[in-house]
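# Structural description and commentary
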Amino acid sequence: MTGPADGAIPAAWLAAALDPPRAGGPPPASGRLRVAPEDFRVEERLGFEPDGGAAHLLLRVEKTDANTLYVARSLARFGDARPADVGFAGLKDRRAIATQWFSVPARPGGPDWLACAQDGFRVLAVHPHSRKLRRGALSGNRFAIVVRGVAGDTAALKGSLARLAANGAPNYFGPQRFGREAANLAGVCRWLEQGSLPRDRDQRGFLLSTARSLAFNAVLGARVARLDWNRLLPGEIVNLAGSGSVFLAEAVDEPLERRCLELDVHPTGPLPGRGGVRPVDEAAEVEGRALEPFKALVDALLAAEVEAMRRPLRVVPGHLEWSLEGDELSVAFELSRGAFATAVLREVLSFDAGALPGDED
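Remember, predicted model here, so these are calculated numbers, not experimental data.

## Remarks on helix α3 (residues 154-167)
Counting along an α-helix, one turn takes 3.6 residues, and residues three or four places apart therefore face a common direction. The terminal C-alpha atoms of α3, which comprises 14 residues, lie 20 Å apart, in line with the 20 Å expected from a rise of 1.5 Å per residue. Along α3, the positions that sit buried rather than exposed are L157, S160, L161 and L164. End-on, the buried residues of α3 take up no more than an arc of 100°, which puts them together on one face. Of the residues flanking the start of α3, the one acting as N-cap is D153, its side-chain oxygen 3.3 Å from the backbone nitrogen of A155. Note on α3: the residue one or two positions beyond its end, G168, has a positive phi of about 85°.

Here you go:
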């Protein structure tokens, strides 16, 4: 297997991961994000109710400036369980106040979970449930974000926010996915050089996720540069908004174009791996050209036998609300699962270099 030489992260990788093209060009204003954890609040939405089953407990947990894996391990110790027995639906930003769900095995005479308040987190509620919580078992997240020190053309910023609500944004993976100072990308480089994945399950999962996210961002960046990230190409794999369902559109007729314009369907990009549906015709050609510089990466993902998936190229923030008082912008919105609030906000604001730390849990 051949990959980046001497562990150096290729410039194309860094561009795709950390500075992909914006759909609307340079933002009209700038600001500071995550000045304090309370400036970035996220609430996880499961999309289902606890079912009252006896096998597990669903814990609603608030964490502050703490990562999800730390909380999961701490819950395992508190409940005298194995770390692998603790479930959670998704990773949440560390430098934030995040409310999310965990599951633990239900045991007779188990601890008082409402008394579990440790460094960085506390349990808010406990509900009986029949199954362990699995990754991806959420409908989305609600964000409430404060941006401080806003400067620039605030009138244009208001217009950009209105367009963001109406038209959506490129669904990039945010810089958190690629690690602080691109450490996760460096790990992918080592994998391609050495040809072996870490034995630790969490480390292996992070590495594969980083690699697939990089490939996706590269394709989406190419589509943004072509100005067709929000349009359907012949041969597109199309996502039905609000679901994981996709279908092949060999031809794009007027009704399908209208559905795309109305945000009912979205074009998609690859999370590479084995199997899965693949685009054809023009959509396949565009995707293939975008992935040419990442061939070693895609080949490694095939060899790792991860399952290929598709991800929408576009994300539309729901129930977007905002207010601008002086130089402080408060904005709240909902995103579907897997979408990054920072990737949405970068369409309307530029941030200080240290404002988007690569500290995803």
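Still more ground to cover, so stick around.
## Quick look at the side chain of E347
Looking at the secondary structure, you find E347 in the loop between α9 (341-345) and β17 (349-351). Look at E347: it is buried, it has no salt bridge, and the nearest opposite charge is R346 at 4.2 Å. A polar contact is formed between the side chain of E347 and the backbone nitrogen of G24, at a distance of 3.4 Å. Those residues within four positions of E347 in sequence are excluded, and the remaining contacts are R22, A23, G24, P27, L164, A169 and P170.

## Focus on the side chain of K63
In this structure, K63 sits in strand β3 (residues 56-64). A distance of 2.5 Å separates a polar atom in the side chain of K63 from the backbone oxygen of A66.

Analysis parameters
- Residues numbered from 1 in each chain as written.
- Predicted model: local features only at pLDDT ≥ 70, side-chain atom pairs only at ≥ 80, totals over all residues.
- Heavy atoms only, no water.
- Helix = DSSP H or I, 4+ residues; strand = E, 2+ residues; numbered from the N terminus.
- Expected span 1.5 Å × (residues − 1).
- Buried < 20%, exposed > 50% of the residue type's maximum accessible area, 1.4 Å probe, protein only.
- Arc of directions from axis to C-beta.
- Polar contact = N/O pair within 3.5 Å; in protein donor to acceptor, adjacent residues only side chain to side chain.
- Lys, Arg positive; Asp, Glu negative; His and termini not counted.
- Salt bridge = Lys/Arg side-chain N within 4 Å of Asp/Glu carboxyl O.
- Contact = heavy atoms within 4.5 Å.

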